[in-house]
Amino acid sequence: MSFYQLIVNAKWESWASTLVYLPEIVLCLTIVILLLLRLPRWGSRISSLGIALVGSVIAFVLSIPFETTAEANPEAATTAQPVSLLQEETSPNPPDIEASSEETKAYKQPGDTIFSGLIVYDGLTIFFRQLLILFVVALLILMGLTGIPDRDSGADVFTLILGATVGFSLMVSSNHLLIAFLGVEMASVPSYVLAGTLKGRRIASEAALKFALYGAGAAGVMLYGMSLMAGALGSAHLPTMAENLAQLTANGVDDRQLVLFLGGLMILVGLAFKLSAFPFHFWCPDVFEGATAEVDAFLSVASKAAAIGLLLRFAIGISGVPGEPIEAPAAVAQATSTEEAKNTFDILAISQTEATSLTFAAQADQEKTKLEEKPVTDPDSSVVPIQDLIVFLIGLMAALTTTFGNLAAYGQTNIKRLMAYSTIAHAGYLMMPVAAAVALLSKDQAGAQEAVASVVVYLIAYFFMNLGVFAIIALLRNRIRSEEIEDYAGIVRESPGLVVCFGILMFSLIGLPPLAGFLGKFWIFAALWEAGLITLLFIGGLNTFFSIFYYLRVLKVMVLSPEPDHRSPAAIPIISWPGLYVAALTVPVAILLVFWEPIRVYSLWAAADLFQ
Amino acid sequence: MNLDRMLPLLLGGAWLLPLLAFAIIALGGHYLKKTSSQHRAGFLSTVAILGSFVLAVVAFSMWVSDQGLGEPHHGPEFERAQLEENQTPIQLAALAEEGEAEHAHDGVFSVSGVWYIWAQVGEQKFEIGYYIDALTICLFVMITLVASCIHFFSLGYLQEELETGIKDHLVATSAGEPFERVGRQHRFFQYLSLFCFSMLGLVLAGNLLMVFIFWELVGICSYFLIGFYFERKAAQDAANKAFLVNRIGDLGFLVGIMALWGVLGTLTFGEMSTKLAELAPETQQQASPNKTTIQAASFLQDEEAKATNDEETADWNVGLLILAGLGIFCGCVGKSAQFPLHVWLPDAMEGPTPVSALVHSATMVAAGVYLVARCYPLFTEEVLLVIAYIGVITLLMAAMMALVAVDIKRVLAFSTISQLGYMMLALGVGGWSAGVFHLITHAFFKSLLFLGAGAVIHALHHEQLLIRMGGLRHKMPWTAGMMFVGCLAIAGAGIPGLDWGLSGYFSKDALLAQAYAFAQVNPSHVYLYWLPLAGKALTAFYIFRLWYLTFAGKPREKKLYENAHEAPLVMLIPMMVLTYFAITAGWQIPFTPSSVTTILEQALPAVASFETPWAAALNYPAEYLSHQYHTKIAWTAIATAGTGFLLATIFYVWQGLRPDEVQKQFGPLFRFLQAQLYLNEVYHFLFVRPLHGIARACSWIDRHLIDPFVDRMAKGTVNLARLEDQGDRKLIDRPIDWMSASFYDLAVQLKATQTGMIRQYLVFLVLGTVGFFFIVGYLWQL
Amino acid sequence: MFTQPIGVAHYLVVGAILFVCGIVCMTTKRNTIGILMGVELVLSAAILNFVAFSQPAFRVDQEASLGIDGHVFALFAIVLAAAEAAVALAIALNYYNNHSTIDVDRAQDLQG
């Protein structure tokens, strides 16, 4: 390809990608404006909350995908295969832009990759982006209602929030390890600072410190793992990596197994940190207790959502490409031994001995029989062992996370700490369908799609539930200046509407029908059942059972306990802006079950593009 | 003027007006209860019944203009017959047949229809319908007229019920002081209106089931009205007794209805004659309808039996028909207080006097007679015979009991029973129009007598014993005069030669003439003539005894006499109206050859009487043929009545014979009669005591067998529950508590892992990585 | 290993050693800055890895290397490490302002 063509391709690619990337760009512009408003003297009179809200609303509107008709674009027609500057030419192109179709496209459609393969723009991206930006809008409204942050630090906090949001959207749409890391960092670092707002408080600074140190450590480990994995697979572009992995496993690799495994594990450590999975959750309770309730909401919803999105991308992306069958590994090995010989390193020389291949194959078989198995509809793919490994890893982590989160919440006295453990537990629930999706990748693509769809549904429910709870915590904190559960005693007599909403949200968090939490949990358990991960299903159910206690204990204190004498009045009528806000969050929780079908259809659409 | 349309409309309206009054008073009673407004209830009721009367009169005039007044059967044949006095009735019958054609009718003219079908089971429909013929019209007019008069009367009689502090001395209170209560005049008129509605409905009814419904309704109204002073034990007992005895009759009535339905397949009056004709196809249908002579009847057979020559089916039908007749008559025995179910009527005098006047003399007790008249075609000869004999027994027995009664209303009650016996007798011997005519005239003079008695009672402030009255004609001249007219009417006073008399004269005469004719034709039943005649003497005696003891002679209680006063106008005017009708009901209607009798005869049933296997052939002389004995009977009757009158005068005016001496002489008989033939005691012994015994036995079973069983079961359940509670607590709660406690401990221990030391966190970061590496690697055998 | 020409493996070993040093430093230091230094070491190890993997000359087969991606990744990582360090230091300063110490072991208010 000539240089000219390269430039032309690059131009079109950038232009089209920028169009699709507008929401994030708008967010960035908002950040810039917020920062620049500090300069002139009149800048402080403009409400930074307003600017932030306007910016996020515009971003939300722009994130709604639009159908475009193809316009004749002579330049696009000549691009047979837009090549990534970072990509090798042998890497396969996203099928949508193949010039096999006569029609030319002027705009990127859902399913394409943008910025020359770095970022993927598909249904999942659209969903997450909308979820995140909508969440930011709601959070900004909450911050306006509770008055934290105040005017002085408002611009900073909103800058950080918007910046973190850009990072989150990068995370969920990453197609390349670099973007993943960039997103993680871009999301985490502002979070460290956000945890430390309310600078005057001791525990805030402690929380921020713990968060920062732990996060930096985890990020470092993750980067190291990324380096190992990228090196072992010869590319940092996820689809390329997946293909290379498939080829590798098809040819019976063994020496690189260790490196790959270690790399993958370390990347998972970084993701687990973001997800606050056991045993990488230790930051979570401290940070949640130290940060303000609004920031907690942000961390618990947006952060987890983005993290699970990245986990989905990574887990499904790396193992999604089916490799060649390994029925005749020896023959294949013979045929490709010359080429493979070139691929070997000195120390990581691939020994094409049949023994190893057979061992690997034998191991794969053993692992298959070890897990609860269902008839394999697809032909045996060589990457199935990788999938099984990922399933086991994620499944184990999920089980440990939920159990730990639910049990450790029993003894909590601080409501935010309790919600931190609740967040940990919910992260565990969110990881389960990821395992299920990977488990179904080779067997039942429709099932895998449903598993990913269940994540989407759960996140929708989770959005309302957690934001609602933290909103109530924030509003009550403003009145009674306390976040201890015992100080919530008897609030039902002063703010009955609020307590009713709180009750609905608690029941939804438990996952009882007919509330939204049940909807999410149901789909997750359905996906687990489809995938045959019965142990995980059982653990999930058991944990739902465990979680009843601590959620309802708060409710019980609120309703049944006698009011303490020395508490400030805490009457928040439901007909007031804060009350209506909480009600607006609770009503979807209560009635989401009615929209069972539309939500299902939407989530399946969102999950569809992962499985092309 | 379309009778088919107008008559149901008019009579239906007349029927429903009292119901409207009832509904308004019942629902708005609270509003009307305010003392000053209680008048309104009475006015409303009276206006309603007057409206009914107006509508009935309009209907009557329409009927008359369409159907005419009927023609008497005193034409040339009658005169011819008179000439040939010595001819036997058979010959007379033959003569009658010659003159048939001139009097041929098309059958009984009636308007019948259905208003509403309230249920349908298969082919059988249960309807609310009407059957209107001359009988209905006449009875409507009579009932509404008498009821209107009595409503007016009641407005005056129950004046005291408008007050709030009424003292009732006949109520037993625990402390012994007189019982005080609030007046309840509106309740009285409410029930009175309901009664009028029920009675009119009964008369209007188009089928037997509807009759039964209203039969029961009048029974209930009677219960309410008798028990108007319900705080008195006597009133409660009387009301209960009336209702229960009626119920016994109604049981027979129901059996009769069912049997009838079984035989005929229909209960509608309009269809009965057709169906009866089907049953006996070979009887003469071309016979003149105004004859109840023998037909050349064949055995009662239906088509199939004829075909198969099966006599059993025929017997079955006959049996059912007889059963039906007896059953229906049983209801009449109960309602019309015939022997043996007459015991309730004397006690029913506990109710206020207007009630006695309306319900227990003119209307309700007449319902039985009406039913017999309406169902006349159904009755076979056996049934008619039974009816006649029961009538005879009743009339004699009641007359004897009236001789010795000391309560003014009791006398009149026994008199009513006796006169009802007369009516039944008349119907039993084939005198259909005589019986119904006597019903109408009796309504007038009996209610007049009762109202007079009521006036007297009211004047004497509720004194009812004859032996404490006397000489009241000076104080209450009008009442005395009108009551004298009533007494004359009931005795059947008249001048035979001029053929002029009061209403009772004509009706009693017709009755006795028919009985005489029957006795002539069927010599074995001659007592059916002599006994009513004797009864006539007794009637005259006791009724004039009543009058003499009340109005004549010297006053026996000075204080009562002092306070007595003439009745107010509101009470006198209804009595005057009734007096007028008591006098003129039997006369010919001016400018026409007709009278009430002829109007009634328009409804004479076209009967095909059956010759049944059991009864001997009975001849039922046609009524118009019995007129020939009219003069002879009249003289005989007057003679008998005069004897009675004379005896009464001797006893009570001229003091020729002393009543108490006679009493002593006929001591046992006297006591026997005064105790109403000890029938009440007999019934009590035969029925009430065994029932009480059964009730006691049931109560014993309930208390000693069933209750302990239930209690034991309850205790057992409680013990079982306790056992379960123990089990629940020990077996279930403990493990669960243990489980939750252990989870909680585990949780607290897990919480302890969060030490708050960042370095430890970072160590766990590394340890976690390494741990996963080794765990998963171990499992994957890397 | 010490006898062979310098290949990717050697870089990787150095990286690994750096990594382990960094981890040890992270987990054992009580000083906040010390922990951050450990973090930097870890990040440096990763960066070194990236650079190592993108050296075509050290690979037997040029096509299988990360190529320019590795270098670019390394640059980004450096920048990000720097940014992170800056923020972490600011947070440490804030912590010092509140607690008058940068001893992480004294930060135990939040526990349980």
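Further up the page is the structure itself.
Small disclaimer: the values here were computed from a predicted structure and weren't measured.

(A) Spatial organisation of helix H20 (residues 534–560) of chain A. In this model, H20 of chain A (27 residues) spans 38 Å end to end at C-alpha, consistent with the 39 Å of a helix rising 1.5 Å per residue. Of all bends in H20 of chain A, the biggest is about 25°, found at Ser547 of chain A.

(B) Representation of the packing of helix H20 (residues 527–551) of chain B against helix H25 (residues 630–652) of chain B in the model. Residue and element names in this part refer to chain B. For the pair H20 and H25, the least separation of the axes is 8 Å and the interaxial angle reads 35°. Considering the relative orientation of H20 and H25, their crossing is right-handed. Counting all contacts with H20, which are made through Tyr529, Leu533, Lys536, Ala537, Ala540, Phe541, Phe544, Arg545, Tyr548 and Leu549, the residues of H25 involved are Ile633, Thr636, Ala637, Thr640, Ala641, Gly644, Phe645, Leu647, Ala648, Thr649, Phe651 and Tyr652. The class makeup of the residues in the contact of H20 with H25 is 16 nonpolar, four polar and two charged.

(C) The arrangement of the interface of chain C and chain A in detail. In this complex, chain C contributes 47 residues to the contact, which on the side of chain A involves 55 residues. For the chain C and chain A pair, buried surface summed over both sides reaches about 4,300 Å², with 69% attributable to carbon and sulfur atoms. Joining chain C to chain A, the criterion identifies one salt bridge. Taken together, the links from chain C to chain A amount to 12 residue pairs in polar contact (both at pLDDT 80 or more). At the level of elements, helix H1 (8–28), helix H2 (32–53) and helix H3 (68–99) of chain C are the ones that each hand at least two residues to the side of chain C that touches chain A. Of the residues forming the side of chain C that touches chain A, the biggest block, 15 residues, is contributed by H3 of chain C.

(D) Quick look at the pattern of salt bridges. Under the defined criterion, the tally for this structure stands at 23 salt bridges over all chains. Of the charged contacts, one joins Asp122 of chain A and Arg313 of chain A as a salt bridge, the two residues approaching to 2.8 Å between their closest N and O atoms. Highlighted residues: Asp122 of chain A in the loop between strand E2 (119–121) and helix H5 (123–146) and Arg313 of chain A in helix H12 (residues 293–319), separated in sequence by 191 residues. Residues Asp122 of chain A and Arg313 of chain A agree in their burial class; the two are buried. We note a salt bridge from Arg374 of chain B to Asp133 of chain B, for which the minimum N-O separation is 3.0 Å. Placement of Arg374 of chain B in helix H14 (residues 353–374) and of Asp133 of chain B in the loop between strand E2 (124–132) and helix H6 (134–157) is noted, with a sequence separation of 241 residues between them. An identical accessibility class is assigned to Arg374 of chain B and Asp133 of chain B; each is buried. If you follow the salt bridges from partner to partner, you end up with Glu206, Lys210, Asp286, Glu289 and Arg417 of chain A in one network.

Cut-offs and rules
Residues numbered from 1 in each chain as written. Chains lettered and ligands numbered in written order. Predicted model: local features only at pLDDT ≥ 70, side-chain atom pairs only at ≥ 80, totals over all residues. Heavy atoms only, no water. Helix = DSSP H or I, 4+ residues; strand = E, 2+ residues; numbered from the N terminus. Expected span 1.5 Å × (residues − 1). Bend = angle between axes of the 7 residues up to and from the residue. Axes fitted to C-alpha atoms, helices over the stretch in contact; angles between N-to-C directions. Left-handed = near helix turned anticlockwise from the far one by under 90°. Contact = heavy atoms within 4.5 Å. Nonpolar A, V, L, I, M, F, W, Y, C, P; charged D, E, K, R; others polar. Buried area = accessible area lost by both parts, 1.4 Å probe. Salt bridge = Lys/Arg side-chain N within 4 Å of Asp/Glu carboxyl O. Polar contact = N/O pair within 3.5 Å; in protein donor to acceptor, adjacent residues only side chain to side chain. Buried < 20%, exposed > 50% of the residue type's maximum accessible area, 1.4 Å probe, protein only.

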